[in-house]
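Residue-level structural notes
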Amino acid sequence: MSNPLLPIEERTLSPDQVVALDQRRHRGLLLLVISGQFAIISTILLLWVGQDATYAPGWAHPTDYYFAVTIAIAVICGISGKVLRRGSPIL
């Protein structure tokens, strides 16, 4: 009897296809972990964004730029990781 937690299209895969699927899901999990780490970093950067925007002279607001980059990386890695992990019974 096949595993009922797996999607129907994944129940009859060959061993090579199972290895490729497993690698894809591991890569997706790696991207989700990276996304979570960048989300934590952006949360910490958020503490300084307002101060930098208020007190930095002119158009030079490096913390704002770092914050925008970390948010973008977190979102891109999160979406990519979720797409690679699709069909996984764990997430």
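Model, not experiment: these values are computed from the prediction. (Residues numbered from 1 in each chain as written. Predicted model: local features only at pLDDT ≥ 70, side-chain atom pairs only at ≥ 80, totals over all residues. Heavy atoms only, no water.)

Considerations on the packing of helix 1 (residues 15-55) against helix 2 (residues 62-84)
Look at helix 1 against helix 2: their axes get within 7 Å of each other, and the N-to-C directions meet at 160 degrees. Put simply, helix 1 runs roughly antiparallel to helix 2. In terms of crossing hand, the pair formed by helix 1 and helix 2 is left-handed. Residue composition of the contact of helix 1 with helix 2, grouped by class: 20 nonpolar, eight polar and six charged. (Axes fitted to C-alpha atoms, helices over the stretch in contact; angles between N-to-C directions. Helix = DSSP H or I, 4+ residues; strand = E, 2+ residues; numbered from the N terminus. Parallel < 35°, antiparallel > 145°, perpendicular 65-115°, else oblique. Left-handed = near helix turned anticlockwise from the far one by under 90°. Nonpolar A, V, L, I, M, F, W, Y, C, P; charged D, E, K, R; others polar.)

What about helix 2?
Each α-helix winds once per 3.6 residues, and so residues spaced three or four apart point in a common direction. Helix length check: helix 2, at 23 residues, gives a terminal C-alpha distance of 33 Å against a target of 33 Å (1.5 Å per residue), a fit within 8%. Those residues of helix 2 lying buried are T63, T70, A74, C77, G78 and G81. Structurally, helix 2 contributes buried residues whose contacts are with helix 1. (Expected span 1.5 Å × (residues − 1). Buried < 20%, exposed > 50% of the residue type's maximum accessible area, 1.4 Å probe, protein only. Contact = heavy atoms within 4.5 Å.)

A look at the side chain of T63
Mapping T63 onto the fold places it in helix 2. Apart from the residues lying within four places of it in its own chain, the contact partners of T63 are L45, W48, V49 and D52.

Examining a nonpolar patch on the surface
Together, I40, I44, L47 and W48 give the surface a local cluster of nonpolar side chains, amounting to about 450 Å² of exposed area. Residue position: I40 is located in helix 1. (Patch = residues over 30% accessible without salt bridge, like charges linked within 9 Å, V, L, I, M, F, W, Y side chains within 5 Å. Areas by Shrake-Rupley, 256 points an atom, 1.4 Å probe, with all protein chains shown as cover. Salt bridge = Lys/Arg side-chain N within 4 Å of Asp/Glu carboxyl O.)

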